[in-house]
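# Survey of secondary and tertiary structure
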Amino acid sequence: MELLRQALAIARKDLRIERRSKEVVNAAFSFALVVLLLFSFTFDPTGDQVREMSGGLLWLVYSFAGVLVLTRSFAQETQNDCLDALVAAPVSGAAIFLGKALANTVFLLFLELATLPVFTIFYNVRWEARMAWLLPILVLGTWGFTVIGTVFSALTVSVRLRELMLPLLVFPITVPALMASVQLTTTLFTGEPIAGDLVWLQFLAGFDLIFTLLGVTLVETILVG
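Described in the following lines is the structure provided in the data block. (Residues numbered from 1 in each chain as written. Predicted model: local features only at pLDDT ≥ 70, side-chain atom pairs only at ≥ 80, totals over all residues. Heavy atoms only, no water.)

## Some words on the packing of aromatic side chains
Worth spelling out the cut-off: Centres within 6.5 Å are what make two rings of Phe, Tyr or Trp a pair, Trp counting through its six-membered ring; a difference in plane orientation under 30 degrees is then read as stacked, over 60 as edge-to-face, and the rest as tilted. Numbering of helices and strands runs from the N terminus, with a helix taken as a DSSP run of H or I at least four residues long and a strand as a DSSP run of E at least two residues long. Between buried and exposed lies partly exposed: a residue is buried under 20% and exposed over 50% of the maximum accessible area for its type, with that area taken using a 1.4 Å probe on protein chains only.
All chains considered together, the criterion is met by seven aromatic pairs. Aromatic side chains Trp59 and Tyr62 sit 5.5 Å apart centroid to centroid with 85° between the ring planes, which places their arrangement in the edge-to-face category. Taken as a pair, Trp59 and Tyr62 lie in helix H3 (residues 48–75) at a separation of three residues, close to a single helical turn. In this pair, the class of Trp59 matches that of Tyr62, namely buried. Here Trp200 and Phe203 contribute two aromatic rings whose centre-to-centre distance is 6.1 Å and whose plane-to-plane angle is 85°, an arrangement assigned as edge-to-face. On the criterion of helical spacing, the pair formed by Trp200 and Phe203 is a turn pair, its members being three residues apart in helix H8 (residues 198–224). The class of Trp200 is partly exposed, set by a relative accessible area of 27%.

Following this line, the structure appears as C-alpha cells:
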C-alpha cells in the first residue's frame, strides 16, 4: 500500500505539471492530427482496405505520438536537479517507475480517446458500438508501450541525443505488444467477432505483467547506478 501511495503521488505530480503547462499533450495531439490527416490523403476512406489497415494506422500514430510523451517523462526532471532530489527522496525506485508509467499511460489514453473521433471522420470507421472491447485493448496496449518506454526514458535521460535514442530502443521491444494491439483493434474495426482473437488479449496482458515486473526490478539500478 505504501508503494501504491508513493506511485500515485508521483503520478499526480506529473499530471499537475502537465495540466499547467500542456506542453506534452498539445505537441503529441497536434502531431497525431497531422499524421492522421496525411494518411487520409493517401488512402481512400470508403474502401474496405482502409478498415483492414485501420488498426495498424491507428497504433502507428499512437506509438509515434507516444514517443513525444515518453521523451519528456524523465527529461523534465533534469531542470534544477529535480531528478537527483527525486532519487534522494524517501521513495523507492519502483514507486518512481510506477508513478511515471501511470502518468504516461494517462497522457496517452487521453490522446487516444481525443483522436478517435477524428479517426472516425477521416477514415469512416465506426467503433462506438464496440467500445466495451476497445477500451481494455487501448489500456493494455498503452500500458505495455509506456512501461517499456518509461524504463528507457530513465535510461536515456542523460544522453544528449535521447530524442533519437529513445525510439530506437523502445520500438523493437514493443513490437509484440503493438502487433497484438493492431490485430485486436483491426478485428473490432472490421466488425469481426473478437472471440477468435482472445489469445492476443491474453498475450497482451501477459506481456504487460512481465515487463512491469522487469521494470520494477531494474529501475533502481538504472536511476541510482
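## Topic: helix H5 (residues 93–123)
How we decide: Multiplying one less than the number of residues by 1.5 Å gives the expected span of a helix. Take the seven residues that end at a residue and the seven that start at it, fit an axis to each, and the angle between those axes is the bend at that residue.
With 31 residues, H5 should reach 45 Å at 1.5 Å per residue; the first-to-last C-alpha distance of 43 Å fits that figure. Helix geometry: H5 is bent most strongly at Leu116, by close to 30°, with proline Pro117 lying one to four residues after it. In terms of burial, H5 is largely enclosed, as 22 of its 31 residues are buried. Once H5 ends, the next one or two residues include Asn124, with phi positive near 55°.

## With respect to the nonpolar core
The condition is simple: Here, the term nonpolar core denotes a set of buried Ala, Val, Leu, Ile, Met, Phe, Trp, Tyr and Cys residues that are joined through side-chain atoms within 4.5 Å. Here, two residues are considered to be in contact whenever any of their heavy atoms come within 4.5 Å of each other.
Judged by nonpolar contacts, the single largest core of 59 residues is most densely connected at Phe74, Leu116, Phe119, Leu134, Leu138, Phe145 and Phe189. Mapped by element, the contributors of at least two residues to this core are helix H1 (2–21), helix H2 (23–42), H3, helix H4 (82–88), H5, helix H6 (131–155), helix H7 (162–189) and H8. Ranked by residue count, the leading element in this core is H5, at 12 residues. For Phe119, the contacting residues outside a window of four places in its chain are Leu36, Ser54, Leu58, Asn124, Val125 and Phe189.

## Observations regarding H7
Across its 28 residues, H7 extends only 35 Å between first and last C-alpha, which sits more than 12% below the 40 Å expected from 1.5 Å per residue. When the local axis directions of H7 are compared, the greatest deviation, roughly 55°, occurs at Val175, which is followed within four positions by the proline Pro176. Two residues or fewer past H7, Gly191 is found with a positive phi of approximately 80°.

## A closer look at the pattern of salt bridges
For clarity, the cut-off: We define a salt bridge as a contact between a side-chain nitrogen of Lys or Arg and a carboxyl oxygen of Asp or Glu at a distance within 4 Å.
Under the criterion given, the structure shown has three salt bridges. We note a salt bridge from Glu2 to Arg5, for which the minimum N-O separation is 2.4 Å. Here Arg5 and Glu2 lie together in helix H1, a separation of three residues that amounts to about one turn. A relative accessible area of 43% places Glu2 in the partly exposed class. A salt bridge links Asp14 to Lys100, with the shortest nitrogen-to-oxygen separation between them at 3.1 Å. Placement of the pair is Asp14 in helix H1 and Lys100 in helix H5, with a sequence separation of 86 residues. Both residues of the pair, Asp14 and Lys100, belong to the buried class. Members of the salt-bridge network, linked through shared partners, are Lys13, Asp14 and Lys100.

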